[in-house]
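A look at the structure
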Number of protein chains: 6
Amino acid sequence: MTNFERPSGRTADQLRDVVLETGVTRYAEGSCLAKFGHTHVLCTASWQDNVPGWMRGRGSGWVTGEYGMLPRATHTRGRREAAAGKQSGRTQEIQRLIGRSLRSVVDLNALGENQITIDCDVIQADGGTRTASITGGFVALALACKYLRKEGVIERDPIVKQAAAISVGLFKDTPVLDLDYPEDSGGEGDMNVVMSSDGDFIEIQGTGEERPMTRAEVEEMMRLAEKGCSELFEAQRQAIG
Amino acid sequence: MTNFERPSGRTADQLRDVVLETGVTRYAEGSCLAKFGHTHVLCTASWQDNVPGWMRGRGSGWVTGEYGMLPRATHTRGRREAAAGKQSGRTQEIQRLIGRSLRSVVDLNALGENQITIDCDVIQADGGTRTASITGGFVALALACKYLRKEGVIERDPIVKQAAAISVGLFKDTPVLDLDYPEDSGGEGDMNVVMSSDGDFIEIQGTGEERPMTRAEVEEMMRLAEKGCSELFEAQRQAIG
Amino acid sequence: MTNFERPSGRTADQLRDVVLETGVTRYAEGSCLAKFGHTHVLCTASWQDNVPGWMRGRGSGWVTGEYGMLPRATHTRGRREAAAGKQSGRTQEIQRLIGRSLRSVVDLNALGENQITIDCDVIQADGGTRTASITGGFVALALACKYLRKEGVIERDPIVKQAAAISVGLFKDTPVLDLDYPEDSGGEGDMNVVMSSDGDFIEIQGTGEERPMTRAEVEEMMRLAEKGCSELFEAQRQAIG
Amino acid sequence: MTNFERPSGRTADQLRDVVLETGVTRYAEGSCLAKFGHTHVLCTASWQDNVPGWMRGRGSGWVTGEYGMLPRATHTRGRREAAAGKQSGRTQEIQRLIGRSLRSVVDLNALGENQITIDCDVIQADGGTRTASITGGFVALALACKYLRKEGVIERDPIVKQAAAISVGLFKDTPVLDLDYPEDSGGEGDMNVVMSSDGDFIEIQGTGEERPMTRAEVEEMMRLAEKGCSELFEAQRQAIG
Amino acid sequence: MTNFERPSGRTADQLRDVVLETGVTRYAEGSCLAKFGHTHVLCTASWQDNVPGWMRGRGSGWVTGEYGMLPRATHTRGRREAAAGKQSGRTQEIQRLIGRSLRSVVDLNALGENQITIDCDVIQADGGTRTASITGGFVALALACKYLRKEGVIERDPIVKQAAAISVGLFKDTPVLDLDYPEDSGGEGDMNVVMSSDGDFIEIQGTGEERPMTRAEVEEMMRLAEKGCSELFEAQRQAIG
Amino acid sequence: MTNFERPSGRTADQLRDVVLETGVTRYAEGSCLAKFGHTHVLCTASWQDNVPGWMRGRGSGWVTGEYGMLPRATHTRGRREAAAGKQSGRTQEIQRLIGRSLRSVVDLNALGENQITIDCDVIQADGGTRTASITGGFVALALACKYLRKEGVIERDPIVKQAAAISVGLFKDTPVLDLDYPEDSGGEGDMNVVMSSDGDFIEIQGTGEERPMTRAEVEEMMRLAEKGCSELFEAQRQAIG
């Protein structure tokens, strides 16, 4: 491992530069431009005074996520999903993940029969767009809740704890934190980990891309994720203020 | 007309602050973030080394436009078109307009059998998104052509002249330049005008929203558009350098 | 311009033979087969005792347009849009235009919470199908209103004035009225103009196909449109009786 | 049965007035407006110089049918299938029937690797649209083949025999020929029969709507269909000339 | 006919081995695995306590059918319709047939405003899947009704009589009963016949595939269908108990 | 934990009865009906002599998975995805998982430019359908490879090792193996684990449904998964023979 080197020059347990810029759009109840290195995701939180049909009459609210990627967020232009007429399986998988993750740290009863939609639109992609979406989406959500309480729309804060996410993976057979695109596409496996701010695991999605992963590798990757998320929780707290 | 006043305090023939910021994305061959006041449109130009099926074998290229709006670009969240499974009639109308307008100032033969796609994604909307798309899209296109010539991908500049667009309309029965959202939704009529830098008309799309427009009003609106476009041509030249 | 000649032998400001045949279908509340030379469009007006969801509770009605083309209305067979599974951008653009144009001459309050749908189906196409649709669609609409008043379904006539449309264009660099297909496909530009019977402009949609159009050309085209529409208004009055 | 009476006053074995008007469109290789009383179907035959992918390389051609109904062909306006985004099961069932029926009287080898599409568009409907489509579609097909031979596009006539279709049904428990809409919707059962001009059965599609049909009823209905088709064959021969 | 032989060695009027296995799924109100030789169709009946929108308020119920085929039910894998994004015309035709056939033997008033859906999923196909679907679907339906009466959900039996279906066809110019795949694809014509247990005809769908069928052939095929269905009615009675 | 009890009476680390029945369909190159208690999934492997477009020319093959659920596989009938016109996000997520998992144990070069599709259709569902699909899908795949080698279609065995999958979860705050539906819907979290037969992890997908999971819980769940998979590998070996 002496001559192990990451393409970006980072150490194995080092995040990219993380910036969580808030107040970036004029209309949304909460917004955050999450930058993890060259990965830039615009997250907005939108209040809507009703809930999906199947939830009506329970007195409880809902939080959902939507995800999109601008066609030229990537090296080569991708087809616009609206033109293709449907969202890819990958997009749907990611939006389900965003919604599940954020709901797990929210007291839905505190929302009343209302919904908050977190839109995560990738402006530029360099790996880790789904984890940046969750991390920035939480900030947009928390800011929206803060604003809605100030406006008297909701009475108590629905946010129970923080949620943040990071990717870890195997690159040149070494566990590393926060994969960028060269590591993601050239590595042996990766794992997206969503954590709560009390140190527990909300989601773990690990895949051996080139080969299955050993138990020891999985455990080291979980340890790296714990380190990364604890740094992200701090950045979120500073962004939310 | 003495007590006529625009919501923004502008004079009848005054544009909003226009900023054409270039080089805003890492991967696209050309890019421009076009800001007309609070209307912000991200325009990218993407090179693709083939043409649509019906054009093959002619030795000539193609320029096309695509348009989208982030769900929370507006006051109230709109439905994501990719989730709806189709692009609205309005979206298709706008992308056809962008493509037609930009093709009219390009020598398609100079592209060889290649295509440039101009993606215009509205980050924030306050009226005039289609005209900002064309004006900023031209900048992205011109920058891409400059880059492609420098790289030796194309031999001569396909850009024949500039194209820019502006909206004009009737607000409180007075012709005004560059409508913002309050004027657009509260006015009597509007007209989108696309011009070439030699002072001719590429497209004119005028609609009497609340009432038909008189011939005199149409002519005054065309005059305002000529003034606005000549300012936009200057801004484009400075942006392209 | 001495040796300028139109393929049809018409003078520059001459309409094709226009026939507005009424009562052509057994069931519709109003109907008109609009023939502009070889362009034949069957227009029907259908009464429906409700309005779109977003309009309910306002006490006001709606007029909308739909447009279609039979597969073999043209020289070579086109794909049936129902088989393709969606309406093209062109179709949607045209139906939006028809609806907007006809609504602008109707007092929607006089309809109550009811809707009239104007279906325009092109039986045979030789250029100018959208303008024939609007011109014939107005006749179908007016006849339906007449019938509905006679039957006591509505109390007063919702028709405020007439609407008619015609295309004008540049053919061999000369402004001409009412383009047929050879002129439309071989010309330098075209403009669809919708007018109201008091001489104002409801819609202007001009495109420089081969080259931008000068201001002088645009103005001459508007003058031709005024002449053409005034002849169409007379034909509509005779058809409606 | 003494006081049995059909709504139209026809006898049990009497067709409606049948008119097969030819040459009704300017562009199609063959066309026929088939009128069975108030049911009017515009049938066109379109030549296309290739075959569906799965047929290529066999040296043989194809005949296919498409079917549509104008939205206001019926008493109450139906939704446009192109707007709905798909063809109904009924439409698909009918177009499969048209294609199968016409192919059964054509020598597909005589077409070479080319296709003829028969479009049947219902302008006005009063029962029996599918049988009028087949009967008129055959005329359009035969006229197209005649034209294509004259032009030297095909060498020998692909038409082997005639095909015609008629509906029969049970109305007030009595077998009747050529149901109109009141009989179709108020009867106990119906059967669409497609025959070849040598007196054999190409298709039989019988349904007991209100009750199952007895063997004797089925046989009487087949006898009526034989009578009706023999009159249609004569009308086709006169139309084709 | 001395040397006539069916691929399976059966006589012309012989059914394949028919097994109607009941109680094959844990959740459905009624179920039947219908095996006609190698053709295996899983039929389930599902109770639903509402009716389609257009039926509400009439106090009457509905029975509908749905049909699907597992991708590898056939020799070569077919595309999954859910992946293709739509049901083929063939599928829709078959489900309409199943629904119509079963409704014709049910007293819909006895269901109240409730619906029973019969799902017919082809596990393995060797010809005759639609007739096996109807025959097995009736068993599932009858078992569901028996169960619902026992549970007190409905008060009286909605089943008025039995419905069963069989295919007949021309193979080597000989009418034969219950076609398997080699006969179906290699024969001259086929006919699907749905009968009620009092010996009448619910549906007859006959097609001359290779050539039209004579009147005598059709009548012999109907006779064979009567024989086959009477055996199926007996098998159904034993299955239902 | 003394009074901890699973609804099924199983111990925390006990699988349901697992049956992997082979040779269950007549046409597929390999097939397996995987039963995990009341969960029954029919898995077939289909050989196809080409690869998706984007893989052509690399000399390598592909393995893909498709997943479906019969409408009445569950307590209440679900909508048929083919009728809905699209596959749900959940379905797409599962088929992507099946494909990834099985590809990870196959040497794609040994397939040549050919594809094997694993169809997993749920006949009856009681929790764990995706893990039963992978476990049974592997058996179908291995049997297909065995057959294809015997037939000389492929030269060497593409199977490198076994893949199997099992769910683990938290029920009443206790980690348990192989969740059935009551445990899945009433538990606090679950994790689907795909392993290779050399004891490594191909996929880990864990979700805290009701609350985040502690690190200790995750590790105990991984231990249970290791135990469960080792029993499944043995069952697979016996099934494949």
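Residues numbered from 1 in each chain as written. Chains lettered and ligands numbered in written order. Predicted model: local features only at pLDDT ≥ 70, side-chain atom pairs only at ≥ 80, totals over all residues. Heavy atoms only, no water.

**Brief notes about the overall build of chain A**
To keep things clear, this is the line we draw: What counts as a helix is a DSSP run of H or I of at least four residues, what counts as a strand is a run of E of at least two, and both are numbered from the N terminus. In this description the radius of gyration comes from C-alpha coordinates, and the expected globular size is given by 2.2 Å times residues to the power 0.38. Residue exposure (1.4 Å probe, protein chains only): buried if accessible area is under 20% of the type maximum, exposed if over 50%, otherwise partly exposed. When checking whether two residues touch, look at their non-hydrogen atoms; a contact exists if any pair is within 4.5 Å. Residue exposure ignores everything except the shown protein chains as possible cover, and the areas themselves are Shrake-Rupley values with a 1.4 Å probe.
Secondary structure summary: chain A contains 5 helices and 9 strands in total. Shown N-terminal to C-terminal, the secondary structure of chain A runs as helices and strands in the order β-β-β-β-α-α-β-α-β-β-α-β-β-α. Radius of gyration (C-alpha) of chain A: 18 Å, near the 18 Å computed for a compact globule of 241 residues. Seen along its three principal axes, the alpha-carbon backbone of chain A occupies a region of about 60 × 40 × 30 Å. The buried share of chain A, reckoned over its 241 residues, is 61%. The contacts in chain A between residues at least 6 apart in sequence include a share of 70% that link residues at least 24 apart. Of the accessible surface of chain A, which amounts to about 9,100 Å², a share of 45% is contributed by carbon and sulfur atoms.

**Some thoughts on the sheet that holds strand β6 (residues 163-171) of chain D**
Here is the rule we go by: Between any two strands, pairing holds if DSSP finds at least two bridges. Axis lines are fitted through C-alpha atoms, for helices just across the contact stretch, and the angle between N-to-C directions can take any value from 0 to 180 degrees.
Taken in spatial order, the 8 strands make up an open sheet running β7(D)-β6(D)-β8(D)-β9(D)-β9(E)-β8(E)-β6(E)-β7(E), and their pairing is antiparallel. A single partner strand is all that each edge strand has here, and the edge strands are β7 (174-177) of chain D together with β7 (174-177) of chain E. Averaged over all neighbouring strand pairs, the angle between strand axes comes to 15 degrees, with direction disregarded. Bridge analysis of strand β6 (residues 163-171) of chain E against strand β8 (residues 189-196) of chain E gives 8 bridges, and the strand direction is antiparallel. Its bridge partner lying in β8(E), E:S167 is registered against E:N192. This element, helix α5 (residues 215-240) of chain D, spans β6, β7, β8 (189-196) and β9 (201-208) of chain D together with β9 (201-208) of chain E of the sheet and lies at about 140 degrees to β6(D).

**Some points on the packing of aromatic side chains**
Rules: When two rings of Phe, Tyr or Trp (its six-membered ring) have centres within 6.5 Å they constitute a pair, described as stacked for plane angles under 30 degrees, edge-to-face for angles over 60, and tilted for the intermediate range.
Overall, the coordinates contain 6 aromatic pairs over all chains when judged by the stated rule. Taking the centre distance of 5.0 Å and the plane angle of 85 degrees together, the rings of C:W54 and C:W62 count as edge-to-face.

**Looking at the confidence of the model for chain A**
Under the convention used in this document: Known as pLDDT, the predictor's per-residue confidence is scaled from 0 to 100.
Here chain A averages 95 in pLDDT, while 99% of its residues score no lower than 70. Our summary of model confidence lists the complex with pTM equal to 0.90 and ipTM equal to 0.94.

**Remarks on helix α5 (residues 215-240) of chain F**
Stated precisely, the cut-off is as follows: A helix is expected to span 1.5 Å for every residue after the first.
Over its 26 residues, α5(F) extends 37 Å from the first C-alpha to the last, a length consistent with the 38 Å expected when each residue adds 1.5 Å. With its phi angle positive at about 80 degrees, F:G241 sits one or two positions after the end of α5(F).

**Focus on the pairing of strand β7 (residues 174-177) of chain A**
All names here are of chain A. Of the two faces of β7, both are covered, the one formed by T174 and V176 as well as the one formed by P175 and L177. Note that strand β6 (residues 163-171) and β7 share 4 bridges and pair antiparallel. Along β7, the bridge assignment pairs G169 with V176.

**So, the interface of chain B and chain A**
Interface size is commonly expressed as the accessible area that is lost once the parts come together. What counts, and what does not: As a working definition, buried area equals the accessible area (1.4 Å probe) given up by two parts on being put together, with both sides summed. Salt bridge, as applied in this entry: a Lys or Arg side-chain nitrogen positioned within 4 Å of an Asp or Glu carboxyl oxygen.
The partner chain A presents 37 residues to the 37 residues of chain B that form the contact. Buried area between chain B and chain A, summed over both chains or domains, comes out near 2,800 Å², and the portion from carbon and sulfur atoms is 51%. Of all residues in chain B, B:Y27, B:R72 and B:R80 bury the most surface against chain A, accounting for 29% of the area lost on that side. Seen at the junction of chain B and chain A, the total is 12 salt bridges. A salt bridge links A:R72 to B:E29, with the nearest nitrogen and oxygen atoms 2.6 Å apart.

**Considerations on the relation of the copies chain B and chain A**
What counts here: Our superposition of the copies is a least-squares fit, built on the C-alpha atoms of residues whose pLDDT is at least 70 in both.
Between chain B and chain A, which share one sequence, the superposing operator has a rotation angle of 180 degrees and an axial displacement of 0.0 Å; the RMSD is 0.0 Å. Expressed as a symmetry operation, the mapping of one chain copy onto the other fits a two-fold axis. In terms of C-alpha distance to the rotation axis, chain B has B:A82 as its closest residue, with the C-alpha 1.8 Å off the axis. Mapped onto chain A, 100% of the interface residues of chain B are again interface residues, and the two copies thus contact each other with one and the same surface.

**As for the packing of helix α2 (residues 89-103) of chain F against helix α3 (residues 129-150) of chain F**
A pair of packed helices is characterised by two quantities: the angle between their axes and the separation of those axes. Residue and element names in this part refer to chain F. How we decide: Roughly parallel refers to an angle under 35 degrees, roughly antiparallel to one over 145, roughly perpendicular to one between 65 and 115, and oblique to any angle outside these ranges. Here a crossing is taken to be left-handed if its near helix is turned anticlockwise relative to the far helix by less than a right angle, and right-handed if that turn runs clockwise. Three categories are distinguished: nonpolar for Ala, Val, Leu, Ile, Met, Phe, Trp, Tyr, Cys and Pro, charged for Asp, Glu, Lys and Arg, and polar for the others, with Gly belonging to the last.
Across the interface, α2 lies against α3 with an axial gap of 10 Å and an inter-helix angle of 40 degrees. Considering the angle they form, α2 stands oblique to α3. Handedness of the crossing formed by α2 with α3: right-handed. On the side of α2, the interface is formed by R90, E93, I94, L97, I98, S101 and L102, while α3 contributes T129, R130, S133, I134, G137, F138 and L141. The residue makeup of the contact of α2 with α3, split by class, is 7 nonpolar, 4 polar and 3 charged.

**Considerations on the relation of the copies chain E and chain F**
In screw terms, the move from chain E to chain F is a rotation of 180 degrees and a rise of 0.0 Å along the axis, fitting with an RMSD of 0.0 Å. A share of 100% of the interface residues of chain E reappears at the interface of chain F, consistent with the copies meeting face to face through the same patch.

**What about the packing of helix α5 (residues 215-240) of chain B against helix α5 (residues 215-240) of chain C?**
At a minimum axis separation of 13 Å, α5(B) and α5(C) run at an interaxial angle of 160 degrees. Classified by the angle their axes make, α5(B) and α5(C) are roughly antiparallel. As α5(B) packs across α5(C), the resulting crossing turns out to be right-handed. Mapping the contact onto sequence places B:R215, B:V218, B:E219, B:M222, B:R223 and B:E226 in α5(B) and C:R215, C:V218, C:E219, C:M222, C:R223 and C:E226 in α5(C). Of the residues in the contact of α5(B) with α5(C), the class split is 4 nonpolar, no polar and 8 charged.

**Quick look at the nonpolar core**
Here is the rule: What is meant by a nonpolar core is a set of buried Ala, Val, Leu, Ile, Met, Phe, Trp, Tyr and Cys residues, joined one to another through side-chain atoms within 4.5 Å.
One finds D:I116 and E:I116 to be the most contacted residues of the largest nonpolar core, which totals 132 residues. The contacts of D:I116, once residues within four sequence positions are left out, are D:A45, D:S46, D:W47, D:W62, D:V63, D:T64, D:L111, D:L141, D:C145 and D:L148.

**Thoughts on helix α3 (residues 129-150) of chain A**
Residue and element names in this part refer to chain A. Over its 22 residues, α3 extends 31 Å from the first C-alpha to the last, a length consistent with the 32 Å expected when each residue adds 1.5 Å. Burial within α3 is extensive, with 18 of its 22 residues counted as buried. Of the residues flanking the end of α3, it is G152, one or two places downstream, whose phi is positive at about 80 degrees.

**Some points on empty space enclosed by the protein**
Rolled over the atoms, a probe with the dimensions of a water molecule shows which regions are left empty. The cut-off we apply is this: A cavity, in this analysis, means grid points on a 1 Å lattice covering only the protein atoms where a 1.4 Å probe fits yet has no way out; a pocket is instead an open set bounded by protein on both sides within 12 Å along at least five of seven lines, and a residue lines either one if it has an atom within 4 Å of a point. Grid points are joined across faces, edges and corners, and a volume is the space filled by probe spheres set on the points.
One pass over the full model with this rule turns up 8 cavities of 30 Å³ or more. In this model, the largest cavity occupies a volume close to 280 Å³. Forming the boundary of the largest cavity are 20 residues, of which E:R80, E:A82, F:R80, F:A82 and F:D121 lie nearest the centre. In terms of residue class, the lining of the largest cavity is built from 10 nonpolar, 3 polar and 7 charged.

**Describing the environment of D:T135**
Residue and element names in this part refer to chain D. The condition that has to hold: For this analysis, a polar contact is any N or O atom pair within 3.5 Å, provided that within protein one partner can donate a hydrogen and the other can accept it, and provided that sequence-adjacent residues contribute only side-chain to side-chain pairs.
Within the secondary structure, T135 sits in helix α3 (residues 129-150). Beyond its immediate stretch of four places on either side in the chain, T135 contacts F36, A164, A165, L232 and Q236. Polar contacts involving the side chain of T135 include one to the main-chain carbonyl oxygen of T131, which spans 2.9 Å.

**Describing the environment of D:F233**
All names here are of chain D. Locating F233 in the fold gives a position in helix α5. Linking F233 and A144, residues 89 residues apart in sequence, is a C-alpha distance of 18 Å. Each residue touching F233, except ones within four places of it in the same chain, is listed here: Q162, A163, A164, M195, S196 and S197.

**Remarks on the side chain of A:S101**
Residue and element names in this part refer to chain A. Structurally, S101 is set in helix α2 (residues 89-103). On the accessibility criterion, S101 (0% relative accessible area) is buried. Ignoring any residue separated from it by four or fewer positions in sequence, one finds S101 in contact with I134, A163, V194, I202 and E203.

**What about the sheet that holds strand β5 (residues 115-124) of chain B?**
Residue and element names in this part refer to chain B. Pairing is mixed across the open sheet formed by 5 strands, whose spatial order is β1-β2-β3-β5-β4. With partners counted over all chains shown, the strands left at the sheet margins are β1 (18-22) and β4 (62-69), one partner each. Pairwise comparison of adjacent strand axes, ignoring direction, gives a mean angle of 20 degrees for this sheet. Of the pairings in the sheet, the one linking β1 to strand β2 (residues 30-36) comprises 5 bridges and is antiparallel in character. Each bridged residue has a counterpart across the sheet, and for V18 the counterpart in β2 is F36. Running at roughly 145 degrees to β4, helix α2 (residues 89-103) makes contact with β4 and β5 of the sheet. Sheet strands in contact with α5 are β1 and β2, and its direction is about 25 degrees off that of β1.

**Thoughts on the interface of chain E and chain F**
With 37 residues of chain E at the interface, the matching set in chain F holds 37 residues. For the pair chain E and chain F, the two sides together bury roughly 2,800 Å², of which 50% comes from carbon and sulfur. Area buried by chain E at its contact with chain F is led by E:Y27, E:R72 and E:R80, which between them contribute 29% of it. At the boundary of chain E and chain F, one finds 12 salt bridges. Looking at the side of chain E that touches chain F, the elements that each hand over two or more residues are β3 (39-48), β4 (62-69), α1 (81-84) and β5 (115-124) of chain E.

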